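Letter by letter, the chains look like this.
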Amino acid sequence: MSRRKTELKAEGFTVRSGMRNSVVVGPPAAGAFRERPSKATNFRKFYERGDFPMALMHDSKGNRIAWKVEIEKLDYYHYLPLFFDGLCETAHPYDFFARQGIHDLLDHGGSKILPVIPQLIIPITNALNTRNRKVICTTLKALQHLVVSADMVGQALVPYYRQILPIFNIFKNVNINSGDGIDYSQRKRENIGDLIQETLEMFERYGGADAFINIKYMVPTYQSCMIN
């Protein structure tokens, strides 16, 4: 009567891997693209408490924010980081208010934006580190608007590339291969690889003389859009 041989699963380069009937299993997936759960945001807490001077308005063009005070009179040091904190939100209406609020504040901020840049880095990094593709796309669009929102903002972001760009390097080549089909995500600007390329080019254009070398250090495959 023959005995049934059982296979032993073993990790590579271990003593068990050299035993008879052992099967070497590969390493686990690194999970670089796996989504990370986001913590409860201060933006949601402030919104549910009614601390934001705004309301949702519907018109013929869709939804927009109706501000109860003039945006120029808001304390940007307090409100702008809170709205960037809301970039992690994916549920309605929090995601809409955070996204639209950021663009409204950047449109009217002017010289108030530059001093607040250091307070925006942690919310931006937290949003990118969720590795949620919808959140990353929203954050990239906010970064593009931030860079052109006021003078010197692009240069002020250069020292923080080491916090911001690692996720860019991971997702830079994540593009949708639709073959002969139609890629509607390009029209909606939801193709993450294209958005990252656009954002890096804007960083280089508005980041000053040191922008390219710092981008290249964090994203080695990036090619300059300004050097012929």
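Values in this document were obtained by computation on a predicted structure and should not be read as measured data.

Student: Before we move on, can you summarise the state of the cysteines with the specific residues and values?
Tutor: Applying the stated criterion across every chain, the model contains zero disulfides. Unpaired in this structure, Cys88 has its nearest cysteine sulfur neighbour in Cys137, at a distance of 14 Å. Note on Cys137: relative accessible area 6%, which makes it buried.

Student: Which residues make up the environment of Lys141, and what values go with them?
Tutor: By secondary structure assignment, the location of Lys141 is in helix H5 (residues 133-147). C-alpha of Lys141 to C-alpha of Glu72: the two residues are 69 residues apart in sequence and 22 Å apart in space.

Student: Before we move on, could you go through the packing of aromatic side chains and cite the residues and values that matter?
Tutor: If you walk through the whole model with that rule in mind, you get 12 aromatic pairs. Taking the centre distance of 6.2 Å and the plane angle of 50° together, the rings of Phe212 and Tyr222 count as tilted. With Phe212 in helix H10 (residues 211-218) and Tyr222 in the segment after H10, the pair connects residues that are 10 residues apart, well separated along the chain. Connected via pairs of aromatic rings, a cluster forms that spans Phe43, Phe46, Phe52, Trp67, Tyr79 and Phe83. The ring of Phe46 has Arg49 sitting right over it, with the charged end atom 4.8 Å from the ring centre.

Calculation rules
- Residues numbered from 1 in each chain as written.
- Predicted model: local features only at pLDDT ≥ 70, side-chain atom pairs only at ≥ 80, totals over all residues.
- Heavy atoms only, no water.
- Disulfide = S-S within 2.5 Å.
- Buried < 20%, exposed > 50% of the residue type's maximum accessible area, 1.4 Å probe, protein only.
- Helix = DSSP H or I, 4+ residues; strand = E, 2+ residues; numbered from the N terminus.
- Phe/Tyr/Trp six-rings, centres within 6.5 Å; stacked < 30°, edge-to-face > 60°.
- Lys NZ or Arg CZ within 6 Å of the ring centre and 35° of its normal.

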